[in-house]
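# An overview of the molecular structure
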Amino acid sequence: MELVLSGDARTIYSRLVDAISKKAGIAEALEELKSLKPLSSAEEILRRQEEVRRKMELAARVSISDLSSLERFRIGRRFFEDRVFVARDDGEYEKAVRLNVCEVVREDERVERYAINLSDFVSDISLSEFAPELIVEALMSNIDTLKRLARLEQELHGKSELSGILSELEDIREAHKKVKMFDEAERIALDLQERINREVEERLAEIKLTLTADELLKMVGEGRVAGEIESEIERVISKYEEELHELGIYDSVFHRSYPVRIDTEALKNAVDRVRESYALDYYLRCRKIAGKIDLERLNERVEHYRRLSLYRALIDLKFAFPEVGCGTAFINGVNLFISNPQPVSYCIGENSLFPHSEGAVILTGANSGGKTSLLDLICQISILFHMGLPVNAERAECAVYDEIFYFRRKRSSYGSGAFERALKSLVRAISGNGRKLILIDEFEAITEPGAGARILATLLEVASRKGHHVVLVSHLGEEFAGLDFIRIDGIEAKGLDENFNLIVDRQPVFGRIGRSTPELIVERLMEKSRGEVKEIFSKLLRRFGQE
Ligand SMILES: Nc1ncnc2c1ncn2[C@@H]1O[C@H](COP(=O)(O)OP(=O)(O)OP(=O)(O)O)[C@@H](O)[C@H]1O
């Protein structure tokens, strides 16, 4: 059963998911977090907590960078001109054509011109049988991930079958490099062409310099210049062509004239011939490896480990697993939406952490004291608990609710109509089935003594009787004295700092109305003014007995 998030609780949930997954810094952490929907049964939450604990134990043994450097394996697509498949019936034909990696023919067609006749080898029509080179290439081009996966699995589970695959890939590495070089043959030849021409030019310049004018004229006279130049070109080309021997190419692939140019046709023929002689052996070696690996499952493993980054982040955040209780209570909760927050401890309903058990609380206090932020914090902790996750507090005890109902005050809450809107939202929150946590920030500016207090007291009584927990921000305080199901807490200003800004203690005082602090405001105004205005403020301050 899923927990219902109403009103601004949904926004808090989104911001929460965002803030935590940012700590992990990996997209899959967000996916994982989103998959942990908030639950509304104690049994399910406890089961989820167990699962989360287990994953956190695994994650404790790796680092975020171990996990973030794992990359998915991607298969490139290519058409292999060197192979053919002879289909025995229409079904095979269509399936093989759909793979789109090689020529597919019917039985009566000629197949001699192909280096590989797949029908001699394949047991099914699949990529790993038809083009296993693509799978090996996907592994080779992401070999670091494969090594890391093998190491992670070895560390976490004491074994990994990937070590075997890694050593087979090591054996095939040289062959793989050579096959890749065939694709690069033209680029290699172009590079050689440039180096040949540069050396030929240097050699000719040297010859010119070492000959005297007489010798040169004599050679021209005897028709020996062309011969000399030709043999120099031949010498340089032969020297550089040796570099192609590594590819198995022994043919001449450059025209013997100046400037030296690649003989494109000779190069293509030579490459095709050598490639063909390699093709079958390389295909068979790749097929052996591809038969042992399922790339889709391997990618699932990559995803699984990348998702583990969420649990690593939770460890780094030093969150604590809450106990399941009757009320919501926490010690030193840290608001995830504020940088460097002052930790705050709080409770609503029966709990074992504080000697307070009221299920309805009115939160009062200084302007900008942190009342909205405290409602946010309560909401954050309760949502994380319902997700089965550790929460942002040193210790916590949480009640299981069916719904969290949060109304954050909007700017439009002031003025006419605001009272009606606020009343409607509160009544809507209280009504209906299920146990609810109700957080209301709307009454702060719109309630007035008298009628407001009577309405609130009645509504809170109904809510309490229904077993809901309510925290409501309001100015009103005194009017509720004597109602034992309501607690009134206050956030207070402690004084002014050296720049005459209010110093607020964000920790509410339980059971005490937040002292309004006009004397501090007056003092602040006095310090910031001059002349007659300052004197008037100073007079006001004396009335507060401060001077
Ligand atoms: N625990 C905390 N630690 C540090 N800063 C905080 C904390 N709680 C609130 N603040 C900061 O105090 C400022 C006011 O907070 P908030 O809006 O929650 O107060 P408020 O009492 O709801 O104000 P208002 O009088 O407008 O209703 C914000 O800038 C917030 O970041």
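Rules used throughout
Residues numbered from 1 in each chain as written. Predicted model: local features only at pLDDT ≥ 70, side-chain atom pairs only at ≥ 80, totals over all residues. Heavy atoms only, no water. Buried < 20%, exposed > 50% of the residue type's maximum accessible area, 1.4 Å probe, protein only. Helix = DSSP H or I, 4+ residues; strand = E, 2+ residues; numbered from the N terminus. Pairing = 2+ DSSP bridges. UniProt positions renumbered as here; feature names shortened; annotations may be inferred. Axes fitted to C-alpha atoms, helices over the stretch in contact; angles between N-to-C directions. Contact = heavy atoms within 4.5 Å. Domains from an automatic or database assignment. Buried area = accessible area lost by both parts, 1.4 Å probe. Polar contact = N/O pair within 3.5 Å; in protein donor to acceptor, adjacent residues only side chain to side chain. Nonpolar A, V, L, I, M, F, W, Y, C, P; charged D, E, K, R; others polar. Salt bridge = Lys/Arg side-chain N within 4 Å of Asp/Glu carboxyl O. Parallel < 35°, antiparallel > 145°, perpendicular 65-115°, else oblique. Left-handed = near helix turned anticlockwise from the far one by under 90°. Near = heavy atom within 4 Å. Areas by Shrake-Rupley, 256 points an atom, 1.4 Å probe, with all protein chains shown as cover. Core = buried A, V, L, I, M, F, W, Y, C linked by side-chain atoms within 4.5 Å. Phe/Tyr/Trp six-rings, centres within 6.5 Å; stacked < 30°, edge-to-face > 60°. Lys NZ or Arg CZ within 6 Å of the ring centre and 35° of its normal.

By the naming in an unreviewed UniProt entry, the chain is Mismatch repair ATPase (MutS family), taken from Geoglobus ahangari.

Before going further, it helps to examine the pairing of strand E11 (residues 436-440). The element E11 is largely enclosed, with a buried count of 5 among its 5 residues. The alternating pattern of E11 places Lys 436, Ile 438 and Ile 440 on one face and Leu 437 and Leu 439 on the opposite face, and all of these are buried. The pairing of strand E10 (residues 403-407) with E11 spans 5 bridges and is parallel. From the neighbouring strand, Glu 403 faces E11, where its bridge partner is Lys 436.

In the numbering adopted here, UniProt assigns the feature "coiled-coil region" (unreviewed entry) to residues 182-210. The span residues 182-210 carries 97% helix and 0% strand; its end-to-end C-alpha distance comes to 41 Å.

Time to look at the sheet that holds strand E13 (residues 486-496). The 7 strands lie next to each other as E1-E10-E11-E12-E8-E13-E14, forming an open sheet whose pairing is mixed. The open sheet is flanked by strand E1 (4-7) and strand E14 (502-509), the only strands paired with a single partner. This sheet shows a mean twist of 15 degrees between the axes of neighbouring strands, independent of strand direction. Pairing of E1 with E10 involves 4 bridges; the strand directions are parallel. Among the inter-strand pairings, Leu 5 is bridged to a residue of E10, identified as Ile 404. The strands touched by helix H1 (residues 9-24) are E1 and E10; relative to E1, the strand with the most contacts, the crossing angle is about 115 degrees. The strands touched by helix H18 (residues 451-465) are strand E8 (360-365), strand E12 (469-473) and E13; relative to E12, the strand with the most contacts, the crossing angle is about 155 degrees.

Looking at the assigned domains, one finds that the chain contains domain 1 (4-33 + 322-516), domain 2 (183-268) and domain 3 (517-547). Using C-alpha coordinates to define each centre, domain 1 is positioned 34 Å away from domain 3. Listed as interface residues are 9 residues of domain 1 and, on the opposing side, 9 residues of domain 3. For the pair domain 1 and domain 3, the two sides together bury roughly 790 Å², of which 65% comes from carbon and sulfur. Taken together, domain 1 and domain 3 are joined by 1 residue pair in polar contact (both at pLDDT 80 or more). Taken together, the residues of the side of domain 1 that touches domain 3 break down into 4 nonpolar, 4 polar and 1 charged.

Turning our eyes to something else, we now look at the pattern of salt bridges. As enumerated under the stated definition, the model contains 37 salt bridges in all. The residue Arg 151 makes a salt bridge to Asp 66 at a minimum N-O spacing of 3.3 Å. Linking Arg 151 in helix H8 (residues 143-157) with Asp 66 in helix H4 (residues 64-68), this pair joins segments that are 85 residues apart in sequence. Judged by relative accessible area, Arg 151 falls into the partly exposed class, the value being 37%. For Asp 66, a relative accessible area of 17% puts it in the buried group. Taking the shortest distance from any N to any O, the salt bridge between Arg 312 and Asp 316 comes out at 2.7 Å. Here the residue Arg 312 and the residue Asp 316 both occupy positions in helix H15 (residues 309-316), the gap between them amounting to 4 residues, near one helical turn. We classify Arg 312 as buried; its relative accessible area is 15%. By sharing partners, the salt bridges in this structure join Glu 32, Lys 55, Glu 303 and Arg 307 into a single network.

Looking now at the packing of helix H9 (residues 162-183) against helix H13 (residues 264-290). For the pair H9 and H13, interaxial distance at closest approach is 10 Å and the crossing angle is 160 degrees. Judged by the inter-axis angle, H9 sits roughly antiparallel to H13. Regarding H9 and H13, the two cross each other, and that crossing is left-handed. Two secondary-structure elements touch here, H9 through Ile 165, Glu 168, Leu 169, Asp 171, Ile 172, Ala 175, His 176, Lys 178, Val 179, Phe 182 and Asp 183 and H13 through Val 271, Val 274, Arg 275, Tyr 278, Tyr 282, Arg 285, Cys 286, Lys 288 and Ile 289. Of the residues belonging to the contact of H9 with H13, the class tally is 12 nonpolar, 1 polar and 7 charged.

Surveying the vicinity of the ligand reveals 14 residues, the closest of which are Gln 342, Ser 368, Lys 371, Thr 372 and Ser 373. In the model, an oxygen atom of the ligand is placed 2.7 Å from a nitrogen or oxygen of the Ser 368 main chain. Side-chain polar atom of Arg 506 to an oxygen atom of the ligand: 3.1 Å apart, as the coordinates give it. For the ligand, whose free accessible area comes to 630 Å², the fraction covered by protein is 71%.

Below, the discussion takes up the nonpolar core. Counting 93 residues, the largest nonpolar core has Leu 139, Tyr 346 and Ile 378 as the members making the most contacts within it. A total of 9 residues in this core trace back to one element, the largest contributor, which is helix H16 (residues 371-386). The contacts of Ile 378, once residues within four sequence positions are left out, are Phe 330, Tyr 346, Ile 348, Leu 437, Leu 439 and Val 471. Membership of the second largest hydrophobic core comes to 24 residues, among which are Ala 429, Ile 438, Leu 456 and Ala 457.

Moving on, we come to the packing of aromatic side chains. What describes a pair of aromatic rings is the distance from one ring centre to the other and the angle between the planes of the rings. Overall, the coordinates contain 6 aromatic pairs when judged by the stated rule. Here Phe 182 and Tyr 278 contribute two aromatic rings whose centre-to-centre distance is 5.6 Å and whose plane-to-plane angle is 65 degrees, an arrangement assigned as edge-to-face. A residue pair is termed long-range when its members are at least 10 positions apart, and Phe 182 in helix H9 and Tyr 278 in helix H13 qualify at 96 residues. The interplanar angle of 35 degrees and the centroid separation of 5.5 Å between the aromatic rings of Tyr 346 and Phe 510 together place this pair among those described as tilted. Taken together, the residues span a long stretch of sequence, with Tyr 346 in strand E7 (residues 344-348) and Phe 510 in the loop between E14 and helix H19 (518-527) at a distance of 164 residues. Feature note: the residues Tyr 346, Phe 354 and Phe 510 constitute an aromatic cluster, connected by ring pairs. Lying across the ring of Phe 337, Arg 15 places its NZ or CZ 3.9 Å from the centre. One cation-aromatic arrangement involves Arg 487 over Tyr 346; the distance from NZ or CZ to the ring centre is 5.6 Å.

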